[in-house]
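Geometric and topological summary
Listed below, chain by chain, are the residues.
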Amino acid sequence: MEYSLILPNLHVVPTSHVKNKLFLFCIMLSLWVYMIYCCVGYCSTVPSLAHGSLSRRHNAADIDNQESSLGASRDLLNNENDLDSKGEEWEEIRSEVKALDDDTVSGSLNESESKKLPQAIIIGVKKGGTRALLESLRLHPDIRAVGAEPHFFDRNYDKGLEWYRELMPKSSEGQLTMEKTPSYYVTKDVPARIHAMSKDTKLIVVVRDPVTRAISDYTQTRSKKPDIPSFESLTFKNLSAGLIDTTWSAVQIGMYAKHLERWLHYFPMEQLLFVSGEGLISDPAGEMARVQDFLGLRRAVTEKHFHFNPAKGFPCLKRPEVNSKPHCLGKTKGRTHPNIDPEVVQRLRDFYKPFNNRFYRMTGNDFGWD
């Protein structure tokens, strides 16, 4: 009887012990199988990712080749698809990376931030100083601006406002979202499209002596296409008659009053601010004070943020709060202009004079270009 009493006890102990071991074994086996599955799954994705990346590169290369071949047949001097910063793409990429980095940091610090449609836009003009203005504004703590030019209202409008919103950097309550695309000012459909987005949008136009601007525009194009005709031959439809070719974009952009008429059909003058491109060089702090007042912001960007570089011929930016070195815009800014026949320059000045005078009257500001 004693044996039979002990025997059941012997059965109970090993059975419980075995169950525990079996349970642990099942857990370990499941984990082991899961780890193998994950490893195999990860490894299987690596080649496909590499292949996908390679395919995208090939596709991008094909597109580039197609665009290059199409570009040969375009009028390169009136190419509306030519970015204001074309040839300075490295600078815009750097600015965009900085913007993305800022988004990442701010997003990690403040989850309440979100992407908003811009409340203010720098709409022009090409070779007027829009990049200098944008980079100066990006120093302001209450401004969040996308570095690259979205070209939404002139080239990508069919992609919709949500696509446009996604391009914007994150901003918090009280911060102003901005972008700049210089071709907006001279593009026919843009005023109505911006008005449809928001009739309260504040618009900034950076203007510059139209003759100097045209020569700068030509200089940029020639830096990429050295074999283009001379500035003199492009300026005139008929050189002997002195007839200016107003279809050439380099000339057409500087007819500021003509373009402004289109904007005033949709926006009152008080919603537009005209910034002097020359002033951004000679008195950047003064121009920035006007811009910040126009945007309803405190004057956070002042003379301490600018350092004039004699070699460059224009101010460089610095962040005094972090004791950083001055940052100058790239080597593609401030290119040396070619020598232009003085008679051609004078004829252009005579051509622009009535447009300038009308522009002065419309804006209530004499920019002193004559």
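Look a little higher up for the structure.
Remember, predicted model here, so these are calculated numbers, not experimental data. (Residues numbered from 1 in each chain as written. Predicted model: local features only at pLDDT ≥ 70, side-chain atom pairs only at ≥ 80, totals over all residues. Heavy atoms only, no water.)

1. Topic: the overall build of the protein
Heads up, the condition is: The numbering of helices and of strands both runs from the N terminus, where a helix is a DSSP run of H or I of at least 4 residues and a strand a run of E of at least 2. Only protein chains enter the accessibility calculation, which uses a 1.4 Å probe. A residue is then buried if its area is under 20% of the maximum for its type, exposed if over 50%, and partly exposed in between. Any two residues having at least one pair of non-hydrogen atoms within 4.5 Å are treated as being in contact. Accessible surface is estimated by sampling points in the Shrake-Rupley manner with a 1.4 Å probe; for residues, cover comes only from the protein chains shown.
If you tally the helices and strands in the protein, you get 12 helices and 11 strands. Counting over 370 residues, the protein shows a buried share of 41%. Contacts in the protein between residues far apart in sequence, at least 24 positions, make up 73% of those at least 6 positions apart. Summed over its atoms, the accessible surface of the protein is roughly 20,600 Å², and 58% of this surface lies on carbon and sulfur atoms.

2. Quick look at the nonpolar core
Rule in force here: Buried Ala, Val, Leu, Ile, Met, Phe, Trp, Tyr and Cys residues form a nonpolar core when they are joined through side-chain atoms within 4.5 Å.
Among the nonpolar cores identified, the biggest contains 29 residues, and Tyr185, Ile194, Trp263 and Phe359 are the most heavily contacted of them. Taken together, the elements giving at least two residues each to this core come down to strand E2 (120-124), helix H5 (190-197), strand E6 (202-207), helix H9 (256-264), strand E9 (272-276) and helix H12 (342-363). Non-local contacts of phenylalanine 359, meaning those with residues more than four positions away in its chain, are made with Tyr185, Val207, Tyr256, Ala257, Leu260, Phe274, Phe367 and Trp369.

3. A word on the packing of aromatic side chains
Defined as follows: Pairing of aromatic rings covers Phe, Tyr and the six-membered ring of Trp, with a centre-to-centre limit of 6.5 Å; geometry is then stacked below 30 degrees between planes, edge-to-face above 60, and tilted otherwise. In this scheme, the term charge over a ring applies when either NZ of a lysine or CZ of an arginine sits within 6 Å of the ring centre and within 35 degrees of the ring normal.
Going through the model one piece at a time under the given rule, you end up with 22 aromatic pairs. Aromatic ring contacts, followed pair by pair, group Phe152, Phe153, Tyr157, Trp163, Tyr164 and Tyr184 into a single cluster. Looking at lysine 202, its charged tip hangs above the ring of phenylalanine 294, at a distance of 5.6 Å from the centre.

4. What to know about the sheet that holds E2
Threshold: Two strands make a pair as long as DSSP finds a minimum of two bridges between them. Fitting a line to C-alpha atoms yields each axis, with helices limited to the stretch in contact; the angle taken between N-to-C directions then spans 0 to 180 degrees.
One open sheet accounts for five strands, arranged E3-E5-E2-E6-E9; its pairing is parallel. Taken across any chain shown, the strands that pair with only one partner, and hence form the sheet edges, are strand E3 (143-145) and E9. On average, each strand axis in the sheet is inclined to that of its neighbour by 25°, with strand direction left out of account. When E2 meets strand E5 (residues 176-180), the two strands line up parallel, connected through three bridges. If you follow isoleucine 122 over to E5, its bridge partner there is lysine 180. Strand contacts of helix H3 (residues 130-137): E2, E3, E5, E6 and E9, with the helix running at about 160° to E2, the strand carrying the most contacts.

5. Brief notes about helix H11 (residues 284-294)
Judged by how many residues are buried, H11 sits mostly within the fold: eight of 11 residues are covered. Looking only at H11, the buried set comprises Pro284, Ala285, Glu287, Met288, Ala289, Val291, Gln292 and Phe294. Where H11 is buried, its residues meet H3, E6, E9, helix H10 (279-282), strand E10 (306-309) and strand E11 (314-317). Once H11 ends, the next one or two residues include glycine 296, with phi positive near 75°.

6. Considerations on the packing of helix H6 (residues 210-224) against H12
Selection criterion: Put simply, angles under 35 degrees are roughly parallel, angles over 145 are roughly antiparallel, angles from 65 to 115 are roughly perpendicular, and the rest are oblique. When residue character is reported, Ala, Val, Leu, Ile, Met, Phe, Trp, Tyr, Cys and Pro are called nonpolar, Asp, Glu, Lys and Arg charged, and the others, Gly included, polar.
Here H6 crosses H12 at 125°, and the two axes come no closer than 9 Å. Classified by the angle between their axes, H6 and H12 sit oblique to one another. Contacts between H6 and H12 involve Pro210, Val211 and Thr212 from the former and Val345, Leu348, Arg349, Tyr352 and Asn356 from the latter. Residue composition of the contact of H6 with H12, grouped by class: five nonpolar, two polar and one charged.

7. As for the side chain of glutamine 292
Structurally, glutamine 292 can be placed in helix H11. The contact partners of glutamine 292, leaving out residues within four places of it in the chain, are His140, Leu297, Arg298, Arg299, Ala300 and Val301.

8. Here's the deal with the environment of glutamate 321
Here glutamate 321 shows up in the loop between E11 and H12. Since its relative accessible area comes to 52%, glutamate 321 is described here as exposed.

9. Digging into the environment of alanine 257
Structurally, the position occupied by alanine 257 is in helix H9. On the basis of relative accessibility, which here comes to 0%, the residue alanine 257 falls in the buried class. Separated by 104 residues in the primary sequence, alanine 257 and arginine 361 have C-alpha atoms spaced 9.4 Å apart. Discounting residues that sit within four places of it in the chain, alanine 257 has contacts with Phe355, Arg358, Phe359 and Met362.

Nothing here speaks to function; it is all geometry.
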